[in-house]
Amino acid sequence: MKNLLKLTLAVVMVMCSTSLFAQKFGRINSQEIFASMPETKSAETELQAYAQELSAQIETLQVEFNTKYQEYQKNEATWNESIKQLKNKELVDIDNRIREFQQMAQQDMMKKQEELLAPIRDKATNAINEVAKAGGYIAIFDETAGSLAYIDEAAVVDIAPEVCAKLGVTLPAEGAAPAATPAQ
């Protein structure tokens, strides 16, 4: 009986000590916050302008190709074999330039996107970290990642309002049309 009493007392003490050191968990949808930041909207506008600039250059190359191709079709019958080969080589060269430029443009677009969005992502991450530290959270789960298998809404605090306040942004109201998300 004495041992049972000691065991019960030990279990009660362990349970009390763990409740004294309750761990706080939070959750956030970082994508919503990121999309709500004004910097994201201006970066998207700048990216669209950059994409249009690259697209215009591709279009110029395509017009050059089409003009030379029409000339080739129109005069092919009157040209001797060496001129045909020369003009055919010109067409192949222009086509290769178009393909190379498209590949470089795609790489440039990804670099530009990272250049514009990285500081915004860092700003949001820093705000999340500051709110988590100030609130004494040991972990914050990001719903964007979709890695939550279970969440007890009563035990986990949504820190989005605090992060938004720190960043000076507002999230769209529930049921409102979602904000445009940046390309990743």
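Look a little higher up for the structure.
Each chain has its residues counted from 1, following the order in which its sequence is written. Local features in this predicted model are restricted to residues whose pLDDT is 70 or higher, and side-chain atom pairs enter the listing and the counts only when it is 80 or higher, whereas totals over whole chains, interfaces and linings include all residues. Only hydrogens and water are set aside; all other atoms, that is, all heavy atoms of the structure, feed into the side-chain values.

Trainee: Even after reading the chapter, I still don't get the packing of helix H4 (residues 81-135) against helix H5 (residues 160-167), so can you show me in this structure?
Mentor: Packed helix pairs are specified by the crossing angle of their axes together with the interaxial distance, meaning the distance between the axes. Put simply, H4 and H5 touch, their axes get as near as 9 Å, and they point 125° apart. The pairing of H4 with H5 is recorded here as oblique in orientation. Viewed along their axes, H4 and H5 form a crossing whose handedness is right-handed. Of H5, the residues touching H4 (which contributes Lys 123, Ala 124, Ala 127, Ile 128, Glu 130 and Val 131) are Glu 162, Val 163, Lys 166 and Leu 167. Taken together, the residues of the contact of H4 with H5 break down into six nonpolar, no polar and four charged. Every axis in this analysis is a line fitted to C-alpha atoms, fitted for helices over the stretch in contact. Angles between the N-to-C directions lie between 0 and 180 degrees. The numbering of helices and of strands both runs from the N terminus, where a helix is a DSSP run of H or I of at least 4 residues and a strand a run of E of at least 2. In these notes the angle categories are as follows: under 35 degrees is roughly parallel, over 145 is roughly antiparallel, 65 to 115 is roughly perpendicular, and the rest is oblique. Crossing handedness is defined as follows: a turn of the near helix away from the far one that is anticlockwise and smaller than a right angle gives a left-handed crossing, while the clockwise case is right-handed. Note on definitions: a residue-residue contact is assigned when non-hydrogen atoms from the two residues lie within 4.5 Å. Any residue that is not Ala, Val, Leu, Ile, Met, Phe, Trp, Tyr, Cys, Pro, Asp, Glu, Lys or Arg is counted as polar, Gly included; the first ten are nonpolar and the last four charged.

Trainee: Got a minute to help me understand the side chain of Lys 112 in this structure?
Mentor: The topology assignment puts Lys 112 in helix H4. Ignoring anything within four residues of it in the chain, the contact list for Lys 112 reads Glu 46, Leu 47 and Tyr 50.

Trainee: Where do I start with the packing of helix H3 (residues 38-75) against H4 in this structure?
Mentor: Orientation of H3 relative to H4, taken along the N-to-C sense of each, is 180°, at an axis distance of 10 Å. Here H3 lies roughly antiparallel to H4, going by the angle between them. Taken together, the residues that form the contact of H3 with H4 break down as 19 nonpolar, six polar and 13 charged.

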